[in-house]
Amino acid sequence: MTIRKALTGTFSALAVMAALGTGTASADDLKLWTLSFDSPTVVSAWKDIIKAFEAKNPGITVMMENRSTDEHKAALRVAARSDQGPDIYFMWAGLGLGGEFVNAGLSKPLDSYYAQYKWDDRLSAIAGSYSKLYPGGRHGVPYTFHGEALYYNKALFTKAGIAAPPTTYAELKADAAKLKAAGIPAFTFGGSVNWHLMRLMDAILESQCGADKHDALKAMKADWASEPCATASFKELKDWSANYTLSPFMGIDQSQSFKLFLANRAAMMLEGDWLVGQIRDAGRLADFDVFPIPTGTDRLYSFAEYYYVSSKSKAPDAAAKFLDYLLSDEVQQKYLGVIGSISVNAHVKYDNVDALNQRWLDIFAKYTKTFVNGDQAFPLNVTTEYFRVINEVASGSIAPENGGKTLQIFISANK
Amino acid sequence: MAKAFPSLRPQTQGYLLIAPALAVYALFAVYPMLNVVWMSFSAWNGLSPTSRFVGVANYRAVLTSDPVFWGALTNTVYWTALAVIVPNVVAFGLALALNQNLPGRSGLRVIFYLPVIIASIAVATIWKWMYDPFFGLFSNLLTTWGLTDFIGDWLGDRRIALWSVFAAYVWQTVGFAMVLFLAGLQNVSTTLVEAARIDGAGRWDVFRHVTLPAMKPTITVVFVLSLINSLKAFDIIYGMTGGGPAQSTQMLAMWAYTQSMQLGDFGKGAAISVILLVVTLAIVIPYLRWMQTQSEASK
């Protein structure tokens, strides 16, 4: 065999293999990239939704790939320059996360599909509003609209002599003191996942700074170093973490923290409406209740999760058809309480909901304004520094007085 | 092969044979490395189609205004210094012990080697569970023994978190070095050992003047491998602490990954990677040259 013949043979074989490899996928094979789901009920619901959609739409198959939060973000970034990425991808709807991909041109504007499927007729206004954040078209459809509030262990509250949930920040602090006196840590947090403790800091900022100042700080238009409410917030964070949080907490994650909450080791947990499903899976619905964070600003701590159609999708029509099915009255009604306590579909009827989900419905009905999580408000690099400073203050490595100053130094250097 | 290309010179045939491997190496190792160097002088968020040349701005930012970089560099230096000593000393001791005619020797070798074949992320998960301050193995054992005061926030206290991870790293890597040392010990001439004993050498003298010199090539290989592996330590730390608490267990390799893949600042991530590469070469090349000099001097 000559070299030429050997090389020709090898390259021919490679070409055939490549052709076979690329020839197996059909144009209507949809790749859906989303997060890993914690609750088995949600996993099961998604399998059923995909199965039912495929049965109704022969020729379209949906392949779901689940990843943890950080892996999902990294995978999307890698896929940004490839044709092997998803047709539909999950992302938080805020400007800090979903917005990065939209602004980079990786989301397909869905105006025509909004018109074709009349999504606005069925979507709740607040959930759908995030699709209008960008110039040049509407991006993504809402999957969930989540509120975050304080879950509490009813028996532990009773044991500490707390008759009713607090309605002001001062009452919350007083109740934490009562719990402490009864030997009960007020909160459990998982410090190793930075965003968990961040929620406490976000809530404190809202209560100490008020809505406008808080928004200005998160938009980096106010100075963290000189703003007294920022310093006061870091002092409060230190107080909560040192005196009213189940310790140690910096080395555990959110799921470990939830186990401690279920084990009655702490009285409260700052979580979203999705926790109802996990509490239900644990068979403990009767033991817990939930109340809004008493920040005094009448704004709900909340965020939206969206599904976006990739601008690189070769099957955008099929992708839109799947999203239409996901948003349909039928699916949203059937999986109410599984996907979220409140549906993004305004046609959904809320009959026979359990007590915790009903509490969430009451909370959603009460609020008209919202404030978002810090990691959705800041750019990614500032979020990372925000996490670091929060953890440093909570663990005592940075004095609370220097928390705002440290963050501002980073913001100024990276503007 | 010689019959297939009878007209070619042996050197040409040699180059021809290594050409495929060289092509793969160039494509998957050399090109990415050069690309990273180029990227370190660029600004790119990983999403836009083009990057922008920014000169040394990324290096300046990393060295002067990155609040995590110097801590990550310090951690990397401490980690590396200990990683080339602690696991290898333990491994050398184990190899010497398991080179003796012990009952159950093969089984013990397997037991000590077993952690090496477990994926790092699985090792991280196992140790993370053992370190859980509420439900973990260590906390339960200490509680059972009445030593609750010693229960620590193993992965949450910045004073001990890095070393808690290091303990898991030692557990995971000792077996690999042990196998290399065991292989090296098979090359120690029994004739020389016996001759030394006949000359009246004690155990220590035999070890010092016969075993150790014969093990020099193996020690060099183990040293270089553990040096490189420790400098690029990533997965076990990522799995156990993610660099926390408050970036206190951050390492250069992981910080480069974080900058690039999580924060989307590929330029800064590449700059950190290049700095790590320079640090690695600055340590490895002089050491290899010194070993080569020693080897030539002893001939």
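Residues numbered from 1 in each chain as written. Chains lettered and ligands numbered in written order. Predicted model: local features only at pLDDT ≥ 70, side-chain atom pairs only at ≥ 80, totals over all residues.

## A word on the overall build of chain B
Helix and strand counts for chain B come out as 14 helices and 2 strands. Its C-alpha atoms give chain B principal-axis dimensions of roughly 80 × 70 × 35 Å. The buried share of chain B, reckoned over its 299 residues, is 32%. Put simply, 66% of the contacts in chain B that link residues at least 6 apart link residues at least 24 apart. (Helix = DSSP H or I, 4+ residues; strand = E, 2+ residues; numbered from the N terminus. Buried ≥ 20, exposed ≤ 12 C-beta atoms within 10 Å, placed from the backbone. Contact = placed C-beta atoms within 7 Å.)

## Quick notes on the overall build of chain A
If you tally the helices and strands in chain A, you get 19 helices and 8 strands. Here the C-alpha radius of gyration of chain A, 24 Å, is about what a compact globule of 415 residues would show, namely 22 Å. Dimensions of chain A, computed from the C-alpha atoms along their principal axes, are close to 85 × 55 × 45 Å. Residues classed as buried in chain A amount to 48% of the 415 residues present. (Rg over C-alpha atoms; globule rule 2.2 N^0.38 Å.)

## Points about helix α2 (residues 40-56) of chain A
Residues and elements named next belong to chain A. Across its 17 residues, α2 extends 25 Å between first and last C-alpha, which sits within 8% of the 24 Å expected from 1.5 Å per residue. Listed in full, the buried residues belonging to α2 are Trp46, Ile49 and Phe53. Buried residues along α2 cover an arc of 60° about the axis, so they all sit on one side. Along α2, the residues that are exposed and aim more than 90 degrees away from the buried face are Pro40, Lys47, Lys51 and Ala55. Of the surrounding secondary structure, the elements contacted by the buried residues of α2 are β2 (61-67), α14 (316-326) and α15 (329-334). (Expected span 1.5 Å × (residues − 1). Arc of directions from axis to C-beta.)

## Quick word on the domain arrangement of chain A
Residues and elements named next belong to chain A. Entries for chain A in the domain assignment read domain 1 (27-146 + 303-366) and domain 2 (148-299 + 373-413). Measuring from the centre of the C-alpha atoms in domain 1 to the corresponding centre in domain 2 gives 28 Å. Facing the 22 residues of domain 1 at the interface are 22 residues of domain 2. Contributing elements (two or more residues each) for the side of domain 1 that touches domain 2: α2 and α16 (355-366). Here the side of domain 1 that touches domain 2 gets 6 residues from one element, more than from any other, and that element is α16. (Domains from an automatic or database assignment.)

## Let's talk about the interface of chain B and chain A
Taken together, the 27 residues of chain B in the interface contact 31 residues of chain A. A per-class count over the side of chain B that touches chain A returns 12 nonpolar, 10 polar and 5 charged. (Nonpolar A, V, L, I, M, F, W, Y, C, P; charged D, E, K, R; others polar.)

## Topic: the pairing of strand β4 (residues 141-153) of chain A
All names here are of chain A. Across the 13 residues of β4, 13 count as buried, placing the element largely inside the fold. Here β4 pairs with strand β5 (residues 268-272) via 5 bridges, running antiparallel. Paired with Glu148 across the strands is Gly272, a residue of β5. Two strands pair when backbone bridges link them, and β4 and strand β6 (residues 288-291) are joined in this way by 4 bridges, in the antiparallel orientation. What sits directly across from Tyr152, in β6, is Asp289. (Pairing = 2+ DSSP bridges.)

## Brief notes about the pairing of β5 of chain A
Of all the 5 residues making up β5 of chain A, 5 are buried; the element is thus mostly covered by neighbouring parts of the structure. Residues Met268, Leu270 and Gly272 of chain A point to one face of β5 of chain A and Met269 and Glu271 of chain A to the other, with burial holding for every one of them.

## Side note on the environment of Ile409 of chain A
Note that Ile409 of chain A resides in helix α19 (residues 400-413). In the structure, Ile409 of chain A is positioned 184 residues away from Ala225 of chain A in sequence and 8.2 Å away in space, judged by C-alpha atoms.

## Some words on unusual backbone geometry
Looking along the chain, the bond that leaves Ser247 of chain A and enters Pro248 of chain A is cis, with omega of 0°. Summarising the element assignment, Pro248 of chain A is placed in the loop between α11 (228-243) and α12 (254-262). For the bond from Gly244 of chain B to Pro245 of chain B, the omega torsion is 0°, close enough to zero to count as cis. In this fold, Pro245 of chain B is placed in the loop between α12 (235-240) and α13 (252-262). Its identity is not glycine, yet Lys118 of chain A carries a phi of approximately 55°, on the positive side.

## A look at the confidence of the model for chain B
The share of residues in chain B with pLDDT of 70 or more is 98%, and the mean pLDDT across the chain is 91. For this predicted complex, the interface confidence score (ipTM) comes to 0.83, while the overall pTM stands at 0.83. (pLDDT = per-residue confidence, 0-100.)

## Overview of the environment of Met215 of chain B
All names here are of chain B. With respect to the element layout, Met215 can be found in the loop between α10 (203-214) and α11 (216-231). When the C-alpha positions of Met215 and Ala183 are compared, they lie 9.6 Å apart, and in sequence the two are 32 residues distant. Ignoring any residue separated from it by four or fewer positions in sequence, one finds Met215 in contact with Gly184 and Val188.

## Digging into α19 of chain A
Every α-helix carries 3.6 residues per turn, so stepping three or four residues along brings you back to the same face. In this model α19 of chain A runs 21 Å from its N-terminal to its C-terminal C-alpha over 14 residues, within 8% of the 20 Å that 1.5 Å per residue would give. On its buried face, α19 of chain A is in contact with α11 and α18 (380-394) of chain A.

## So, the confidence of the model for chain A
Of all residues in chain A, 93% attain a pLDDT of 70 or more, and the chain-wide mean is 90. Ignoring residues within four places in sequence, the model shows residues 1-25 of chain A, a span with pLDDT below 50, making 2 contacts including any to other chains.

## Focus on the environment of Leu34 of chain B
All names here are of chain B. Counting through the fold element by element, Leu34 comes out in helix α1 (residues 10-39). Taking the C-beta count within 10 Å as the criterion, Leu34 has 11 such neighbours and is therefore assigned exposed. Measuring from C-alpha to C-alpha, the distance between Leu34 and Val274 comes to 9.9 Å, with 240 residues separating the pair along the chain.

## Comments concerning the packing of helix α8 (residues 161-185) of chain B against α11 of chain B
Residue and element names in this part refer to chain B. Where α8 meets α11, the axes come as close as 9 Å, and the angle between the chain directions of the two elements is 165°. Between α8 and α11, the angle is such that the two are roughly antiparallel. For the pair α8 and α11, the sense of crossing is right-handed. Side by side, α8 and α11 meet where Ala177, Leu180, Phe181, Ala183 and Gly184 of the first sit next to Thr218, Val221, Val222 and Ser226 of the second. In terms of residue class, the contact of α8 with α11 is built from 6 nonpolar, 3 polar and no charged. (Axes fitted to C-alpha atoms, helices over the stretch in contact; angles between N-to-C directions. Parallel < 35°, antiparallel > 145°, perpendicular 65-115°, else oblique. Left-handed = near helix turned anticlockwise from the far one by under 90°.)

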